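Single-letter residue listing:
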Amino acid sequence: MMDFVCNFPFFSVVLCLFAAVLCSVLKAKAARAVTLAVEAVLIFFSVSVLVYTTELGTYFTYDMGHFDSPWSNQLRAGVLEGVMATVFSLVLLLSHIGGLRYIDVDISEKRRNLYCTLLNLVGAALMALTYTNDIFTGYVFLEILTLSSCGILVIRRSGRTALAATRYMVLNLLGSGLFLMGSSLFYGITGHLLMEYIGQGVAELEASGQYALPLTATVGIISAGLAIKSGLFPFHTWMPDTYGCATPASSSILSGIISKGYIFLLIKILYRVVGIGSDTYDSARHILLILGLFGMIFGSVYAMNCRHLNRMVAYSSAAQIGYIFVGIGLGGTSGFVAAIFGMIVHSITKPLLFISGARLSEVSGDSQAFRNLQGSAGRNKMAGYAFAVGAMSMTGIPSLAGFSSKLYYAIAATFHSGAVELVVLAALAVSTLLNALYFVRTVIRIFTPSGMADKFAEVAYFYDEDELPRRDAGLLIAFVCFGALIIYLGFNAQSLAIALYTGVSMLA
Amino acid sequence: MEALLMLEKILANYEEAIALILFCIGFMMLLFGRNMIRKLIGMNIMDTGIYLFLASLGYIAGRKPPIIEGGNTDPTAYINPVPSALVLTGIVVSVSVTAVMLSLAVRLYEKYHTLNLDEIYSAARERHEHR
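A quick note: this is a predicted structure, and the numbers were derived from the prediction, not measured. (Residues numbered from 1 in each chain as written. Chains lettered and ligands numbered in written order. Predicted model: local features only at pLDDT ≥ 70, side-chain atom pairs only at ≥ 80, totals over all residues. Heavy atoms only, no water.)

1. A look at the overall build of chain B
Each helix and strand counted, chain B has 5 helices and 0 strands in total. In sequence order, chain B lays out its α and β elements as α-α-α-α-α. In terms of overall dimensions, chain B is more spread out than a globule: its C-alpha atoms have a radius of gyration of 21 Å, far above the 14 Å expected for 131 residues. Dimensions of chain B, computed from C-alpha atoms along their principal axes, come out at roughly 65 × 50 × 20 Å. For chain B, the residues scored as buried account for 37% of the 131 residues in total. When contacts within chain B are restricted to residue pairs at least 6 apart in sequence, those whose partners lie at least 24 apart make up 45%. Total accessible area computed for chain B in this model is approximately 7900 Å², and 68% of it derives from carbon and sulfur atoms. Of the charged side chains in chain B, 11 are positive and 12 negative; the average position of the first set lies 10 Å away from that of the second. (Helix = DSSP H or I, 4+ residues; strand = E, 2+ residues; numbered from the N terminus. Rg over C-alpha atoms; globule rule 2.2 N^0.38 Å. Buried < 20%, exposed > 50% of the residue type's maximum accessible area, 1.4 Å probe, protein only. Contact = heavy atoms within 4.5 Å. Areas by Shrake-Rupley, 256 points an atom, 1.4 Å probe, with all protein chains shown as cover. Lys, Arg positive; Asp, Glu negative; His and termini not counted. Charge placed at Lys NZ, Arg CZ, Asp CG, Glu CD.)

2. Digging into the overall build of chain A
A tally of regular secondary structure across chain A gives 21 helices and 2 strands. Whereas a compact globule of 508 residues would reach a radius of gyration of roughly 23 Å, chain A reaches 22 Å, a difference of no more than 12%. Taking the principal axes of the C-alpha coordinates as reference, chain A spans close to 75 × 55 × 40 Å. Of all intrachain contacts in chain A linking residues separated by at least 6 positions in sequence, the fraction that spans at least 24 positions is 82%. Working note: accessible area of chain A is about 16800 Å², and carbon and sulfur atoms make up 66% of it. Measuring between centres, the 30 positive side-chain charges of chain A sit 11 Å from its 27 negative side-chain charges.

3. Considering the pattern of salt bridges
Residue and element names in this part refer to chain A. According to the stated counting rule, one finds 13 salt bridges over all chains in the structure shown. Between R285 and D282 there is a salt bridge, with the nearest N and O atoms lying 2.8 Å from each other. Note that R285 and D282 are positioned in helix 11 (residues 279-304) at a spacing of 3 residues, about one turn of the helix. Taking the relative accessible area as the measure of exposure, R285 reaches 13% and is therefore buried. (Salt bridge = Lys/Arg side-chain N within 4 Å of Asp/Glu carboxyl O.)

4. As for the nonpolar core
Grouped together as the largest cluster of nonpolar side chains are 204 residues, with contacts concentrated most on I269 and I328 of chain A. Among residues more than four places away in sequence, those in contact with I328 of chain A are I263, L266, I267, L270, Y281, R285, L288, G335, F336 and A339 of chain A. (Core = buried A, V, L, I, M, F, W, Y, C linked by side-chain atoms within 4.5 Å.)

5. Focus on the side chain of N120 of chain A
Following the sequence through the fold, N120 of chain A ends up in helix 4 (residues 109-131). Ignoring anything within four residues of it in the chain, the contact list for N120 of chain A reads C16, A19, A20, C23, T35 and V38 of chain A.

6. A few points about the packing of aromatic side chains
Residue and element names in this part refer to chain A. Using the criterion set out here, one finds 25 aromatic pairs over all chains in the structure. Each ring, one from F10 and one from F11, has its centre 6.3 Å from the other, and the planes form 50 degrees; the classification is tilted. You can call F10 partly exposed: its relative accessible area is 28%. Given the relative accessible area of 27%, F11 is considered partly exposed. Pairing F10 with Y62 gives two aromatic rings, centres 5.6 Å apart and planes at 20 degrees, and the pair type is stacked. Placement of the pair is F10 in helix 1 (residues 8-23) and Y62 in strand 1 (residues 60-64), with a sequence separation of 52 residues. Each residue in the set F4, F8, F10, F11, F44, F45 and Y62 is aromatic and connected to the rest through ring pairs, giving one cluster. The side chain of R76 reaches across the aromatic face of Y59, ending 3.6 Å from its centre. (Phe/Tyr/Trp six-rings, centres within 6.5 Å; stacked < 30°, edge-to-face > 60°. Lys NZ or Arg CZ within 6 Å of the ring centre and 35° of its normal.)

7. Here's the deal with the interface of chain B and chain A
On the side of chain A, 38 residues touch chain B, which itself brings 37 residues to the contact. Around 3500 Å² of area is buried between chain B and chain A when both sides are counted, 74% of it from carbon and sulfur atoms. Summed over the shared surface of chain B and chain A, the number is 4 residue pairs in polar contact (both at pLDDT 80 or more). For the side of chain B that touches chain A, the elements supplying multiple residues, two or more each, are helix 2 (14-32), helix 3 (36-58), helix 4 (81-112) and helix 5 (117-126) of chain B. The greatest single-element share of the side of chain B that touches chain A, amounting to 15 residues, is contributed by helix 4 of chain B. A breakdown of the residues in the side of chain B that touches chain A according to their chemical character gives 27 nonpolar, 5 polar and 5 charged. (Buried area = accessible area lost by both parts, 1.4 Å probe. Polar contact = N/O pair within 3.5 Å; in protein donor to acceptor, adjacent residues only side chain to side chain. Nonpolar A, V, L, I, M, F, W, Y, C, P; charged D, E, K, R; others polar.)

8. Side note on helix 21 (residues 493-507) of chain A
Over its 15 residues, helix 21 of chain A extends 21 Å from the first C-alpha to the last, a length consistent with the 21 Å expected when each residue adds 1.5 Å. Within helix 21 of chain A, the full set of buried residues consists of A493, L496, A497, L500, G503, V504, M506 and L507 of chain A. (Expected span 1.5 Å × (residues − 1).)

9. Some remarks on helix 5 (residues 135-154) of chain A
Residues and elements named next belong to chain A. For helix 5, spanning 20 residues, the distance from its first C-alpha to its last is 29 Å, which sits close to the expected 28 Å at 1.5 Å a residue. Across the 20 residues of helix 5, 19 count as buried, placing the element largely inside the fold. The opening residue of helix 5 is D134, an N-cap whose side-chain oxygen sits 2.8 Å from the backbone nitrogen of F136.

10. Overview of the pairing of strand 2 (residues 73-77) of chain A
If a strand is regular, its side chains alternate between the two faces of the sheet. All names here are of chain A. With 4 of 5 residues buried, strand 2 is to be regarded as a mostly interior element. Inspection of the sheet shows strand 1 paired to strand 2 by 5 bridges, in the antiparallel sense. When the sheet's bridge partners are listed, M64 is paired in strand 2 with N73. (Pairing = 2+ DSSP bridges.)

11. Observations concerning a nonpolar patch on the surface
Residue and element names in this part refer to chain A. A grouping of I290, F294, F298, V301 and Y302 is seen on the molecular surface, where their side chains present a nonpolar patch of about 410 Å² in accessible area. Here I290 shows up in helix 11. Judged by relative accessible area, which is 45%, I290 ranks as partly exposed. (Patch = residues over 30% accessible without salt bridge, like charges linked within 9 Å, V, L, I, M, F, W, Y side chains within 5 Å.)

12. Looking at unusual backbone geometry
Here the amide bond leading from F233 of chain A into P234 of chain A is cis, since omega sits at 5 degrees, within 30 degrees of zero. Residue placement: P234 of chain A occurs in the loop between helix 8 (212-230) and helix 9 (239-245).

13. Examining the confidence of the model for chain B
Residue and element names in this part refer to chain B. With 97% of its residues at a pLDDT of at least 70, chain B reaches an overall mean of 89. Looking at the elements of chain B, mean pLDDT is at its lowest for helix 1 (residues 2-12), recorded as 83, and at its highest for helix 3, recorded as 93. This prediction of the complex comes with two scores: 0.93 for pTM and 0.93 for ipTM. (pLDDT = per-residue confidence, 0-100.)

14. Comments concerning the packing of helix 17 (residues 401-414) of chain A against helix 18 (residues 418-447) of chain A
Each pair of packed helices can be summarised by the angle the axes make with each other and by the distance between the axes. All names here are of chain A. With their axes 8 Å apart at the nearest point, helix 17 and helix 18 run at an angle of 165 degrees to one another. In terms of orientation, helix 17 lies roughly antiparallel with respect to helix 18. Between helix 17 and helix 18 the crossing geometry is left-handed. Contact residues: K406, Y409, A410, A413 and T414 in helix 17; E421, V424, L425, L428, T432 and N435 in helix 18. Across the contact of helix 17 with helix 18, the residue classes break down as 6 nonpolar, 3 polar and 2 charged. (Axes fitted to C-alpha atoms, helices over the stretch in contact; angles between N-to-C directions. Parallel < 35°, antiparallel > 145°, perpendicular 65-115°, else oblique. Left-handed = near helix turned anticlockwise from the far one by under 90°.)

15. What about the side chain of Q320 of chain A?
Take Q320 of chain A: it is sitting in helix 12 (residues 309-330). Excluding residues that lie within four positions of it along the chain, Q320 of chain A makes contacts with H346, K350, M394 and N435 of chain A.

16. Some words on the environment of L26 of chain A
Residue and element names in this part refer to chain A. Residue position: L26 is located in the loop between helix 1 and helix 2 (28-56). Judged by its relative accessible area of 25%, L26 falls in the partly exposed class. Linking L26 and V13, residues 13 residues apart in sequence, is a C-alpha distance of 20 Å. Discounting chain neighbours no more than four positions away, the residues touching L26 are A31, V34 and N113.

Next up, the structure:
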């Protein structure tokens, strides 16, 4: 007898899809209320799945369609899926609440319900990517995520959003094409679409020594596809425009969770289909490790040379994606736990930086330029402190989540031979130094009085004075929740790491 | 000798070989094309290459399409239906993506009066568009 909680992964996807259709015909305010409610329900579903699988001590599967596996379409949930779904739904809700202030400015009222439709589609796609056990369902929801993420970017009709969206779409479509080709090759080689059965076929072929080259090529193609989509160096070129042009809620969601959805699918495929002890994985992981190392350094170098806050934060995302791929490239349970821990820390830190950055920019004449941002923390203390917490976490200051994340990367590196350990630790040190240079410099800048307060006092703000406190409530909720999570994970990283170790052991 | 063996294998699987060539052509057009419409065409060629690959995987010579006719439910009478279903789903995805890309092309043309991406980038730079 199946427990009722086992339906929750399916309900999560279907609820979001239903809400997406509903929002397209509702008025803006009603659509917003429905979307916020759905995001809250998603958190409930995800936490329920997490608690249930933790108590169960194993994963469960959920077959769909008229046939049993291997011919069914299947969802699969364990502790790791529960953790990721909780993080995705929580960040989705907090980014939405934190970005409400700017959604009203950036998006016309008659299109705001469509924004809610797109957010629900993002939610559905992320939940499906988290729970699906079927590689082709993975492809379909990858494309839904690509289209809806393009939508939340381009719905802000100003500046160069259309150009940013084009660049984003082109690279994402290249990634999707590679992923579909890789999935088709897996189907051609093994005759299956469910990850476990593909995995069994791959293991048998590897044991017999057949199809060694096609298998390696297929894993390479899928890894390349998902690496392009998640913005691994040198495919990070779409990031600054995309994150810089979107409305802050969209930037937060794009950088915080959408890129992580792609990476989580890759991790599932590497674990469940390829097998992390296999020779095929071994040949692919070195390339991911090298690209990750380059990403860590070059992302930070580009960030240092930026003159605009959003672009700097965007390039720092490129560096963070590099960190995550270093974890995947290091391999082993410790490497994957480090990568997933890094994903979670990045998911809760980047939205804080984007939303607080938007508020700082607002009190600086709606300018992202550093010269205008000087002293902005004095003009809005709440956003200043929030940005400082996020920046310090990214830098890796002890007692904040970013430090724990870097510590786990270092621990994962120590499990490897001398040369790999040395290179990864050196890259971590250099990248941390560069992070400190540009983040600490920015924090000092926004806290240094500029004497320009009078100039910006004359700038017309988006809202009337009377409306400001109400509009600030959403920001305050987002700042407090993200800040609290960052500090909690800084002091208590072990509890999450234990859950991740349990989850990763259930993944295969 | 090895080259001959390889050629023989390619000829025996000519559908898959053509599919891969189409995929590569489309991929390159999407990556390197400087015109939006050219990129769109490239994307469709790339997807078509994959659909041809999938269709050739499911095809079994001498068998019928997977649509039950005259109550004949014997699976040996039909080709493998799974790749056909995948292709149909893939086509729906392609159409949606093409529609979104075309709408982006229209917006770019309205704003910059060209579909050449190099010209669009330089126009955006000249206007100092950052956000």
